[in-house]
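Okay, here's what each chain looks like letter by letter:
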Amino acid sequence: MITSRLDRLRALLSSGELSAQEVDCLLISGPPNIRYLTGFTGSNALLLLEPDSTTLYTDGRYTTQAEEEVGRAGLRVRIRIPKKGIWQTALECLKKGRDKAGRRKGKAGFDSNVSYALYQKIHEVLGEKHLQPVSGLVERLRMVKDEAEIDAIRASAELNSRVLTEVLKLVRVGVTERDLAAEIDYRMRQMGGSGPAFETIVASGVRSALPHAHPTSREIGCCEFLLFDHGTMLNGYCSDMTRTVWVGGSMGCEPGRKARELYATVLEAHQQAKEAIRAGVSSSAVDRVARRPIAARGWGKYFSHSTGHGVGLEIHEAPRLAARVAAKVTDKRGDKNRDKVNDKLPAGAVVTIEPGVYFPGFGGVRIEDMVVVREKGCEVLTPSTPSYRELLEIP
């Protein structure tokens, strides 16, 4: 499986886009990309992909780990533990190769998100004419998940849902947002996860109108919305789910008309967006579908973020479900940048569906599931039992 990923990436070296840029090798530094291609999970590594070889550079802390993880994947990857820094060693190897007549005339492609200091080091060793920043190459491969990855994300989603089920039992008037967030993070690990995939969000009352609120010492009150947004990291893969509940129903404070209309509208947007997803549909079209029920209420300006995003080894990946999706690419005629838009959803992509409406001074509602894009629709990965998609009123 992983071997085919390296093969697919190597095939891109001779593709039209990269061959036009004269790129004949790649320096890959992002940890999620290296894990995806080799199975190596260490925090310090550099992968050099050449037409006829692959070399993983890391440091002495990871000698055994690198051999075990790469070996487990069954890859033909050389592992080097240099005495100098991994970048310095890899760059010097590339420079020596270029000094041999006829061995290599192309450029070295490198992640375009490297720091300026690191770029200066690359430039110093290889020189400007032998450099070519490349953007989103491995991420393009990662966007389409294989079934093993989908199973891993499904398992993470199931654990994440069980966490919420347990924490909802602790909700009562007077408990703080921070207490509930701590309980969520603790239960993730207790149930087998390695921790949260992102900072857990618990937002109550008027604070639920903050899309990315940080948990505070605010106590949960009666007659208000309580929003949970959390994700679990399990075996390297992320999950993401948001649910909004109503607190105080048994205390004679049921949701009023505005609260019910708000929740019903967001749920309608959520369901219609799901129904719109299938392979070949543009992500911007799904975003438009999600916004229609909300705009019809005159609430369009209160839906202030995109409809969803990809999920995998990272909590935010391609594709993005938004009004417009653009990527900067290098023009074949030179180093000029231009916009290239291709937002068709591929089969196998895993995305979130998370419309939300946020009224300052009142509260907000967001409902989020993860789905797999399939040829004729989508498969929901977030468990349906219990789903908590309908408005849950907590005593």
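Summary of the structure given here. Just so it is clear, the structure is predicted and the values come from calculations on it, not from any experiment.

### Examining the nonpolar core
Nonpolar side chains in soluble globular proteins tend to be buried together.
Then comes step 1: Within the largest apolar cluster, 42 residues are counted, with the highest numbers of intra-cluster contacts made by Leu 9, Leu 26, Ile 28, Leu 37, Phe 40 and Leu 56.
Then comes step 2: The element contributing the most residues to this core is helix α1 (residues 2-13), with five residues.
Then comes step 3: Residue contacts for Leu 9: discarding those within four places in its chain leaves Leu 26, Ile 28, Leu 37, Leu 49, Leu 137, Val 138 and Leu 141.
Then comes step 4: In terms of nonpolar packing, the next biggest core, distinct from the first, is built from 30 residues, Ala 259, Leu 345, Ala 349 and Phe 359 among them.

### Digging into the side chain of Asp 287
Then comes step 1: Relative to the elements of secondary structure, Asp 287 occurs in helix α11 (residues 283-296).
Then comes step 2: Those residues in contact with Asp 287 that lie beyond four places of it in its chain are Ser 306, Thr 307, Leu 321, Ala 322 and Ala 323.

### Some thoughts on the packing of aromatic side chains
Then comes step 1: Under the definition given, this model contains seven aromatic pairs.
Then comes step 2: Arranged with centres 4.9 Å apart and planes meeting at 80°, the rings of Tyr 302 and Phe 359 form a pair that is edge-to-face. Here Phe 359 lies in strand β18 (residues 356-359) and Tyr 302 lies in the loop between α11 and β13 (308-310), a separation of 57 residues in the sequence.
Then comes step 3: Exposure remark for Tyr 302: the relative accessible area of 25% places this residue in the partly exposed category.
Then comes step 4: Classification of Phe 359 as buried rests on a relative accessible area of 6%.
Then comes step 5: Pairing Phe 359 with Phe 362 gives two aromatic rings, centres 6.5 Å apart and planes at 55°, and the pair type is tilted.
Then comes step 6: Exposure remark for Phe 362: the relative accessible area of 31% places this residue in the partly exposed category.
Then comes step 7: Members of the aromatic cluster, joined through ring pairs, are Phe 225, Trp 246, Trp 299, Tyr 302, Phe 359 and Phe 362.
Then comes step 8: Over the face of the ring belonging to Tyr 36 we find Arg 5, whose NZ or CZ atom lies 4.2 Å from the ring centre.

### Topic: the pattern of salt bridges
Then comes step 1: A complete count under the given rule lists 24 salt bridges for this structure.
Then comes step 2: One salt bridge connects Glu 314 with Arg 142, and the closest N-O pair in it is separated by 3.0 Å. Placement of the pair is Glu 314 in the loop between β13 and β14 (317-321) and Arg 142 in helix α7 (residues 137-142), with a sequence separation of 172 residues.
Then comes step 3: When the shortest N-O distance is used, the salt bridge between Asp 369 and Lys 274 registers 2.6 Å. Remark: Lys 274 occurs in helix α10 (residues 257-276) and Asp 369 occurs in strand β20 (residues 369-374); sequence separation between them is 95 residues.
Then comes step 4: Each of Glu 147, Asp 151, Arg 154, Arg 374 and Glu 379 takes part in salt bridges that share partners, so that together they form one network.

Rules and cut-offs
Residues numbered from 1 in each chain as written. Predicted model: local features only at pLDDT ≥ 70, side-chain atom pairs only at ≥ 80, totals over all residues. Heavy atoms only, no water. Core = buried A, V, L, I, M, F, W, Y, C linked by side-chain atoms within 4.5 Å. Buried < 20%, exposed > 50% of the residue type's maximum accessible area, 1.4 Å probe, protein only. Helix = DSSP H or I, 4+ residues; strand = E, 2+ residues; numbered from the N terminus. Contact = heavy atoms within 4.5 Å. Phe/Tyr/Trp six-rings, centres within 6.5 Å; stacked < 30°, edge-to-face > 60°. Lys NZ or Arg CZ within 6 Å of the ring centre and 35° of its normal. Salt bridge = Lys/Arg side-chain N within 4 Å of Asp/Glu carboxyl O.

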